[in-house]
Amino acid sequence: MKKSVVGMLALTAMVSAMGSAFAQDAAKAPELTAAEKEQAKKIYFERCAGCHGVLRKGATGKNLEPHWSKKDKDGNVTEGGTLKLGQNRLEKIIGYGTDGGMVNFDDILTKEEISLMSKYIQNTPDVPPEYSFKETLDSWKVIVPVDKRPTKQMNNINLKNVFSVTLRDTGEVALIDGDTKEIRSIVKTGYAVHISRLSASGRYVYVIGRDGRLSLIDLWMEKPAVVAEVKIGFDARSVDTSKFKGFEDKYAIAGSYWPPQYVIMDGDTLKPRKVVSTRGMTVDGEYHPEPRVASIVASFIKPEWVVNIKETGQILLVDYSDIENLKTTTIASAKFLHDGGWDASKRYFLVAANASNKIAAVDTKTGKLAALVDVAKIPHPGRGANFVHPKFGPVWATGHLGADVVTLISTPSDDKKNAKFKEYNWKVVQEIKHVPGNLFVKTHPKSKHLWADSAQNSDKDRAESVSVWDMADLSKPKAILNVAKDSGMPEAKATKRAVHPEYSADGKEVWISLWGGKTDQSAIVVYDDATLKVKKVITDPKMITPTGKFNVYNTQHDIY
Ligand code: DHE
């Protein structure tokens, strides 16, 4: 038989096998009306896609396809899927969560919504549409052109100490004056803004919504406001700017979850310049249709961005010195890259490969992988925390969602006085006892304290508290501060998760968000870092679901 005919027959057999598998799945899957499907799709996007992926192939969360099968390296096949789990088991998992790290949704979704979602995920996922350069360009709006913007700062705010605060469920960002603690402006942004990042000059704040809407805020205006906007995709989490000498404020880059791609824009207008797809092979050599862009950071030592691709485990160094002829270095690390931060020297970027329980360290000077460090279950550093350990020298810390420790990894240093610590470099030198469910750790070069939240802990008391260690003597018992109680806010049904410690520019205060229910008035509690006493509770009827807080100076200079 001719080769092409054999190929045709094989293809026909494959298509018909796929067809019959889909037909079987479709036959078994619970039916949904068009309206139910639309409702479920919206909930899936808002609450589930981040961890499980749009195509439901799994990342931080499990694979949620109706039916999957995989082969291990010895050729043994395992099968599973949501159809096998069935309606009752799925309702329990969604409602009460699992020990594997899935949070409980019984205080977020109604019983009916949990039942609906259990039915929805037994159906084959729809593949969402692509999003082209033209569509990106068509969505671009300049609200205040560059020549109509102020030429100097028009307000009396100490801009270095402004906090850009995500009001998650209202689709807004609050700009809070860190000196007076007054809310100076609340700006409308994309849905559930994920992070704020600063231009190299500290003048512009870039905020990215989960819906892919990127907003550019000019802090020099009398009342800081959005001056440009663009939609870079349907689902997004990351943004950064060009920070290398000579490129300050020139470009911005934003990463999209769906479609899996990143967009390079002009820094002061957000005019799209280039879209680059991240589809390709995983570090295991398998094609992945949905390699999402996780954290992005701008190098200070080269005109490059470090772009971490979640599903493939590939770390890209994108050289922006000539964006027409874009050069990219691809560094294989480990799968499901998520968040990360610089070491103290800002030469090495450490990123959590969270589902592989590893931290990958990239040397941005040589453009190579410096280390792949095994750590406890599900590392989640935020940006991590750098300090000098009394016994092991410079270390970078990460918390864990899935383990009861904060891990300290020794990092290299050019300083001669640290030469004696070289033998520890890239080793886990200590695990400090904490609790699981830790999202963010933080310190500041002027502080003697290390702060860690436990926002996703299943115990309400722990989720509403933070822990603080004395870095000079980590054997001393940690202080546990119940932020919800310290706030003096009335008790509410929903847990008020104490999340994301952030320092003031001078390193003297630590701000913690109380992330309550989606209609509850909440607060930011400001602690004095030296005494661990409450200094101020910032609250307002518009303070709904505050989560990430980004101090202008610390974010601009990557201080943590
Ligand atoms: Fe985040 C950082 C992705 C859920 C608050 N989060 C990041 C980064 C990524 C990411 C890729 C790194 C961005 C960078 O540095 O460029 N986050 C995801 C998810 O996929 C996930 C697990 C699920 C989702 O649906 O989004 C998720 N994140 C959350 C939350 O539920 C949090 C706690 C509250 C919220 O506002 O949504 C949350 N993520 C944050 C914060 C940062 C962050 C505050 C920035 C930390 C910093 O100090 O820079």
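Calculation rules
- Residues numbered from 1 in each chain as written.
- Predicted model: local features only at pLDDT ≥ 70, side-chain atom pairs only at ≥ 80, totals over all residues.
- Heavy atoms only, no water.
- UniProt positions renumbered as here; feature names shortened; annotations may be inferred.
- Helix = DSSP H or I, 4+ residues; strand = E, 2+ residues; numbered from the N terminus.
- Buried < 20%, exposed > 50% of the residue type's maximum accessible area, 1.4 Å probe, protein only.
- Polar contact = N/O pair within 3.5 Å; in protein donor to acceptor, adjacent residues only side chain to side chain.
- Contact = heavy atoms within 4.5 Å.
- Near = heavy atom within 4 Å.
- Nonpolar A, V, L, I, M, F, W, Y, C, P; charged D, E, K, R; others polar.
- Core = buried A, V, L, I, M, F, W, Y, C linked by side-chain atoms within 4.5 Å.
- Pairing = 2+ DSSP bridges.
- Donors = N, O, S within 2.8 Å, 3.2 Å for Na, K, Ca; no water.
- Axes fitted to C-alpha atoms, helices over the stretch in contact; angles between N-to-C directions.
- Disulfide = S-S within 2.5 Å.
- Salt bridge = Lys/Arg side-chain N within 4 Å of Asp/Glu carboxyl O.

K.L.:
Help me understand the UniProt feature "domain: Cytochrome c" (unreviewed entry) in the protein, please; the structure alone is not making it clear to me.
P.N.:
This chain's UniProt record puts "domain: Cytochrome c" (unreviewed entry) on residues 35-125. The distance from the first to the last C-alpha atom of residues 35-125 is 16 Å, and the span holds 47% helix and 9% strand.

K.L.:
I'm lost on the side chain of Ser410 in this one. Help?
P.N.:
Along the chain, Ser410 falls in strand S27 (residues 405-410). The class for Ser410 is buried, based on a relative accessible area of 0%. Of note is the side chain of Ser410, whose polar atom sits 3.0 Å from the side chain of Asn425. Ignoring anything within four residues of it in the chain, the contact list for Ser410 reads Phe392, Pro394, Val395, Phe421, Tyr424, Asn425, Trp426, Lys427 and Val429.

K.L.:
Please explain the site of the ligand as it appears in this structure.
P.N.:
Around the ligand, the surrounding shell holds 24 residues, and the nearest of these are His194, Arg210, Arg237, Tyr257 and Thr547. In this structure, Tyr257 approaches the ligand through a side-chain N or O atom, which is 2.7 Å from an oxygen atom. Here an oxygen atom of the ligand sits 3.1 Å away from a polar atom, N or O, in the main chain of Ile296. Broken down by secondary-structure element, the contributors of at least two residues to the shell around the ligand are helix H2 (34-52), strand S7 (195-198), strand S11 (235-241), strand S17 (293-298), strand S21 (337-342) and strand S37 (546-551). Looking at the shell around the ligand, its residues break down into nine nonpolar, eight polar and seven charged.

K.L.:
Looking at this model, I keep getting lost on the nonpolar core. Mind explaining?
P.N.:
Looking at soluble globular proteins, one finds that nonpolar side chains tend to be buried together. With 20 residues, the main nonpolar core has Tyr206, Ile208, Leu214, Ile232, Met265 and Leu270 as its most contacted residues. Taken together, the elements giving at least two residues each to this core come down to strand S8 (204-208), strand S9 (213-218), strand S10 (225-231), S11, strand S12 (251-258) and strand S13 (261-266). In this structure, Ile43, Tyr44, Ile121 and Trp258 belong to the second largest nonpolar core, which totals 18 residues.

K.L.:
Would you explain the pairing of strand S36 (residues 534-544) in this entry?
P.N.:
Moving residue by residue along a regular strand, the side chains alternate between the two faces of the sheet. Strand direction decides the pairing type here: strand S35 (residues 521-528) and S36, joined by six bridges, are antiparallel. In the sheet register, Ile524 faces S36, and the bridge partner there is Ile538. Between S35 and S36, which pair antiparallel and follow one another directly, the connecting turn spans five residues, one of which, Leu532, has a positive phi of 60°.

K.L.:
What exactly am I supposed to notice about the pairing of strand S5 (residues 172-177) here?
P.N.:
For S5, a buried count of six out of six residues is recorded, marking the element as mostly surrounded by other parts of the structure. Two elements, strand S4 (residues 162-167) and S5, share six bridges in a ladder whose sense is antiparallel. Bridging across to S5, Val162 finds its partner in Asp177. As paired strands, S5 and strand S6 (residues 183-188) are joined by five bridges and run antiparallel to one another. Across the sheet, the residue bridging to Leu175 is Ser185, located in S6.

K.L.:
What am I meant to see in the coordination of the iron atom of the ligand here?
P.N.:
Around a metal, the ideal angle is 109.5 degrees if four donors adopt a tetrahedral arrangement and 90 or 180 degrees if six donors adopt an octahedral arrangement. With respect to protein ligation, the iron atom of the ligand binds only His194 (NE2), at 2.0 Å. With respect to the element layout, His194 can be found in the loop between S6 and S7.

K.L.:
Is there a simple way to think about the sheet that holds S4 in this case?
P.N.:
Think of a sheet as strands paired side by side through backbone hydrogen bonds, with each pair either parallel or antiparallel. Pairing is antiparallel in the open sheet, where four strands are placed in the order S6-S5-S4-S37. Each having just a single partner strand, S6 and S37 make up the two edges of the open sheet. Pairs of neighbouring strands in the sheet enclose a mean axial angle of 20°, with direction left out of account.

K.L.:
Please explain the state of the cysteines as it appears in this structure.
P.N.:
Covalent bonding between the sulfur atoms of two cysteines defines a disulfide. Scanning all chains against the criterion turns up zero disulfides. No disulfide involves Cys48; its sulfur sits 8.8 Å from the nearest other cysteine sulfur, which is in Cys51.

K.L.:
Any chance you could explain the pattern of salt bridges here in plain terms?
P.N.:
Once their charged atoms are close, side chains differing in charge can pair, the charge on each being opposite to the other. Tallied over the entire structure, the rule returns 34 salt bridges. A salt bridge links Glu46 to Lys42; the nearest nitrogen and oxygen atoms lie 3.0 Å apart. Here Glu46 and its partner Lys42 are both found in helix H2, four residues apart, which amounts to about one turn of the helix. Where Lys134 meets Asp138, a salt bridge forms, and the shortest distance between an N and an O atom there is 2.7 Å. With Lys134 and Asp138 both in helix H5 (residues 133-139), this residue pair falls four residues apart, about one helical turn. Classification of Asp138 as exposed rests on a relative accessible area of 54%. When salt bridges with common partners are traced through the structure, they connect Lys37, Glu38, Lys41 and Asp126 into a single cluster.

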